[in-house]
2 protein chains.
Amino acid sequence: MIKVYFLGTGGGMPSKNRRLPAFLMKREGFSALFDCGEGTQYTFTEYGLSSVSLDLIGITHMHGDHVLGLIGLIESMGMLDRKKPLNIMGPKRLKEFLYASFEMSHFRPKFELRFIDEYKGNGIRVKKFETCHTVTSQGYILEEEEKVNLDIDRLKAIGVNDWNVLRKIKGGEDVTYEGRILHHEDYIIKRSGSKVVYTGDTRPCENTVNASKDAALLIHDSTFLDEPSALTYGHSNVSEAATIAQQSNVNLLALTHISARYPEPEPLIQAAKKIFPRVTLPNDLSFINVE
Amino acid sequence: MIKVYFLGTGGGMPSKNRRLPAFLMKREGFSALFDCGEGTQYTFTEYGLSSVSLDLIGITHMHGDHVLGLIGLIESMGMLDRKKPLNIMGPKRLKEFLYASFEMSHFRPKFELRFIDEYKGNGIRVKKFETCHTVTSQGYILEEEEKVNLDIDRLKAIGVNDWNVLRKIKGGEDVTYEGRILHHEDYIIKRSGSKVVYTGDTRPCENTVNASKDAALLIHDSTFLDEPSALTYGHSNVSEAATIAQQSNVNLLALTHISARYPEPEPLIQAAKKIFPRVTLPNDLSFINVE
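Residues numbered from 1 in each chain as written. Chains lettered and ligands numbered in written order. Predicted model: local features only at pLDDT ≥ 70, side-chain atom pairs only at ≥ 80, totals over all residues. Heavy atoms only, no water.

Glancing now at helix α10 (residues 266–273) of chain A. Leu268, Ile269 and Ala272 of chain A are the residues of α10 of chain A that are buried. In a view along the axis of α10 of chain A, the buried residues occupy a sector of 100°, so they form one face of it. (Buried < 20%, exposed > 50% of the residue type's maximum accessible area, 1.4 Å probe, protein only. Helix = DSSP H or I, 4+ residues; strand = E, 2+ residues; numbered from the N terminus. Arc of directions from axis to C-beta.)

Below is the structure:
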């Protein structure tokens, strides 16, 4: 199960209701933060969430509302005496931005910052994909690895309970057992893991459809209800987000990056539902369990 | 009257009780912000204060907890369509830090940023003074200009009510009136304006005593109750802040930059009171009217 915390669901500027973009995703032994708007470290502190244990931070693009909380968050990790390396994914200039900011604010991280292109570990894989914003921008796919379990009922039925044999079958080997060849594929059950996709800021585009294919949860830019200026600013209207959700056959669509001009979520949810029924518009600090 | 809002009274890292340093000072037709820790723009929004109308921002030094909210605050001013120039005082590298951050986060302010060394206007003067921290750091003196009023009772007693004569006397001229010389100094009352001093981070030092002489309000670094490490980190214990207040004969001392290790203010107030009686430890979003 992946637990997705919506730490900040606004965009551009903070409003009374919505903080700037930040999404925490947790799974046993793993936690990652996607985007880090100003004030994200306050949200961690206020709600008793741990930023020191983060394994990965992924930034979608360099606009201030998505990245300006990162310097303070990392500096506070330093004050909390973090030792563990921190994996960071993001646009090319992120590294330069961080080190320039650290240098000017007299800070030196005492833990390693690992700038990576893809993350794999703890049964999780995180990949990026290019989105369609006014500046270079990347979305993220967080996927559980495929789960391989033994088909215990079937193995019991033929009387196999030798641990060594079971181990080989699970590991993908065919085994000769009491004179009989056991093809491993006949005795394992594969279950694909859950997939969560976060677009960051984007116009609707083919890359997002491809990246989101069959996702359990798609968190999509839905800045506006129905504004032609979405095109100018490189954002999506809710109906466009809903169309992407439909095309990529996701299980659930979460609308986010909601402009401060919409204090009431209902009109946005209704507009999306006309196109795609399985839609939610999370408030700050709500969460979704993705099975 | 100067109204001082304590927007953030913590230091280092935000805690559940105290945000990062930020102090708003307002006087009819004028408002200035001193220091701008991460999240300051949230405090403005949350409490219905206007950041767009700020005339001046003064930053004490480049440590992250004092400056990392400034980029977002200025970017939000841009989104709110600010046109008025913004005066900025701060250490040398502040300008470089701001423009590098703007460039990397794809932002161009459409209003002028005026980097100045001293501010004068609206009956207010703001000066800086060097403090004693681990990095280059400056405190601020905000002073009302001296008020010059006519001594109406005395002028009435000698039968002067000619507007032109009164105007000249107030302007500092000696006037011949009905064959008699009126020395302007005999007919005006001068009242010195109020003075507020904010130290930013500092060890106790002579500069601060000199800058704070007879201030109505001194806002002084009081990070620790009684820690030898105050010396290492360039901060003050509350007893040191109280000693400075006594030496400079201020009217009121406000303890600030309180470490997160002190959830209860009372022990800090008591320790200060042993040395200097007129002391307060403001909470976030409290304010003081300085007459």
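A word on a negative patch on the surface. A cluster of like negative charges, contributed by Glu173, Asp174, Glu185 and Asp186 of chain A, occupies part of the molecular surface. Tracing the sequence through the fold places Glu185 of chain A in the loop between β12 (180–182) and β13 (188–191). (Patch = residues over 30% accessible without salt bridge, like charges linked within 9 Å, V, L, I, M, F, W, Y side chains within 5 Å. Areas by Shrake-Rupley, 256 points an atom, 1.4 Å probe, with all protein chains shown as cover. Salt bridge = Lys/Arg side-chain N within 4 Å of Asp/Glu carboxyl O. Lys, Arg positive; Asp, Glu negative; His and termini not counted. Charge placed at Lys NZ, Arg CZ, Asp CG, Glu CD.)

Right, let's talk about the pattern of salt bridges for a bit. Taken as a whole and assessed by the stated rule, the structure comprises 25 salt bridges over all chains. In this structure, the salt-bridge partner of Lys147 of chain A is Glu144 of chain A, at a minimum N-O distance of 4.0 Å.

Residues and elements named next belong to chain A. Within the element layout of this structure, Asn289 appears in strand β18 (residues 286–290). The class of Asn289 is partly exposed, set by a relative accessible area of 36%. Sequence-wise, Asn289 and Gly39 are 250 residues apart; in three dimensions their C-alpha atoms are separated by 24 Å. Sequence-distant contacts of Asn289, that is, excluding residues within four places in its chain, are made with Met1, Ile2 and Lys3. (Contact = heavy atoms within 4.5 Å.)

As annotated in UniProt, the feature "domain: Metallo-beta-lactamase" (unreviewed entry) corresponds to residues 187–258 of chain A in the numbering used here. The annotated region residues 187–258 of chain A carries 31% helix and 25% strand content, and the separation between its end C-alpha atoms amounts to 48 Å. (UniProt positions renumbered as here; feature names shortened; annotations may be inferred.)

Moving on: empty space enclosed by the protein. Under the criterion given, the structure shown has two cavities of 30 Å³ or more. By volume, the largest cavity amounts to about 70 Å³. Lining the largest cavity are Gln41, Gly72, Glu75, Ser76 and Met79 of chain A together with Gly12, Leu20, Glu38, Gly64, Asp65 and Leu68 of chain B. The set of elements that each furnish at least two residues to the lining of the largest cavity consists of α3 (70–79) of chain A together with α2 (64–67) of chain B. For the lining of the largest cavity, the element with the most residues is α3 of chain A, which contributes four residues. For the lining of the largest cavity, a count of residues per class yields three nonpolar, five polar and three charged. Quantified by volume, the second largest cavity comes out at close to 50 Å³. (1 Å grid on protein atoms, 1.4 Å probe; cavity = no way out; pocket = protein on both sides within 12 Å on 5 of 7 lines; lining within 4 Å. Points joined across faces, edges and corners; volume = space filled by probe spheres on them. Nonpolar A, V, L, I, M, F, W, Y, C, P; charged D, E, K, R; others polar.)

Turning to the interface of chain A and chain B, a few remarks are in order. How large an interface is tends to be reported as the accessible area lost when its parts come together. Opposite the 36 residues of chain A that make contact, chain B presents 35 residues. Around 3,100 Å² of area is buried between chain A and chain B when both sides are counted, 65% of it from carbon and sulfur atoms. For chain A, the biggest contributors to the area lost against chain B are Glu38, Tyr42 and Met104 of chain A; these three give 25% of the whole. Between chain A and chain B we count two salt bridges in total. Close ionic contact of Arg93 of chain A with Glu103 of chain B constitutes a salt bridge, the shortest N to O distance being 3.1 Å. One can count 10 residue pairs in polar contact (both at pLDDT 80 or more) joining chain A with chain B. Where the side of chain A that touches chain B is concerned, the elements lending two or more residues are α1 (40–46), α3 and α4 (93–104) of chain A. Grouping the constituent residues of the side of chain A that touches chain B by class yields 14 nonpolar, 14 polar and eight charged. (Buried area = accessible area lost by both parts, 1.4 Å probe. Polar contact = N/O pair within 3.5 Å; in protein donor to acceptor, adjacent residues only side chain to side chain.)

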